[in-house]
Amino acid sequence: METTLVLIAYAIYLPISIGLTTFVSQHLFKNSKIFMLDIFNQKQEIAFATNKLFKIGFYLLNIGFALRIIKIYNLANYKSLVEVLSAKVGGFSIYLGIVMILFIIFFLKGRKASKEANVRVQN
């Protein structure tokens, strides 16, 4: 019975974690294009290319972490299945939120550095 429950848990956890990563990534990097354009002084080609590279890095980092923490064990019944999945998905969601905030901070710092560099060039 435990092996069946673990396989069910994996079958639920993987699509949720990958779906959450995709959802956050789509929204984060759709909206970060504005920051990238500002950072790269409206040079669309390099701004969008950099944004795509960050997006790939975001996927690799987060899906890799989701796979790294996948181990599920000690499932005796459906109650324990729900509890373990809640802890796994909840923990991953918190991690994903922290990573998203760090990326936003990174974009804001890049924008600030770009503005400072532009002010120095103009003076």
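The structure displayed is predicted, hence computed values, not measured ones.

Topic: the packing of helix α1 (residues 2-39) against helix α3 (residues 78-122)
Running from N to C, α1 and α3 point in directions that differ by 15°, and their axes come no closer than 10 Å. In terms of axis orientation, α1 runs roughly parallel to α3. As α1 runs across α3, the sense of the crossing is right-handed. Taken together, the residues of the contact of α1 with α3 sort by class into 24 nonpolar, six polar and four charged.

Digging into the confidence of the model for the protein
Residue-level pLDDT values for the protein average 92, and 98% of them are 70 or greater. Of all the helices and strands in the protein, α3 carries the lowest mean pLDDT, 91, while helix α2 (residues 44-68) carries the highest, 95.

Quick look at the environment of M100
With respect to the helices, strands and loops of the structure, M100 is situated in helix α3. With relative accessibility at 28%, the residue M100 sits in the partly exposed group. Note: C-alpha distance between M100 and A9 (91 residues apart in sequence) is 26 Å. Once residues within four sequence positions are removed from consideration, M100 is found in contact with V24, L28 and F58.

Procedures and definitions
- Residues numbered from 1 in each chain as written.
- Predicted model: local features only at pLDDT ≥ 70, side-chain atom pairs only at ≥ 80, totals over all residues.
- Heavy atoms only, no water.
- Axes fitted to C-alpha atoms, helices over the stretch in contact; angles between N-to-C directions.
- Helix = DSSP H or I, 4+ residues; strand = E, 2+ residues; numbered from the N terminus.
- Parallel < 35°, antiparallel > 145°, perpendicular 65-115°, else oblique.
- Left-handed = near helix turned anticlockwise from the far one by under 90°.
- Nonpolar A, V, L, I, M, F, W, Y, C, P; charged D, E, K, R; others polar.
- pLDDT = per-residue confidence, 0-100.
- Buried < 20%, exposed > 50% of the residue type's maximum accessible area, 1.4 Å probe, protein only.
- Contact = heavy atoms within 4.5 Å.

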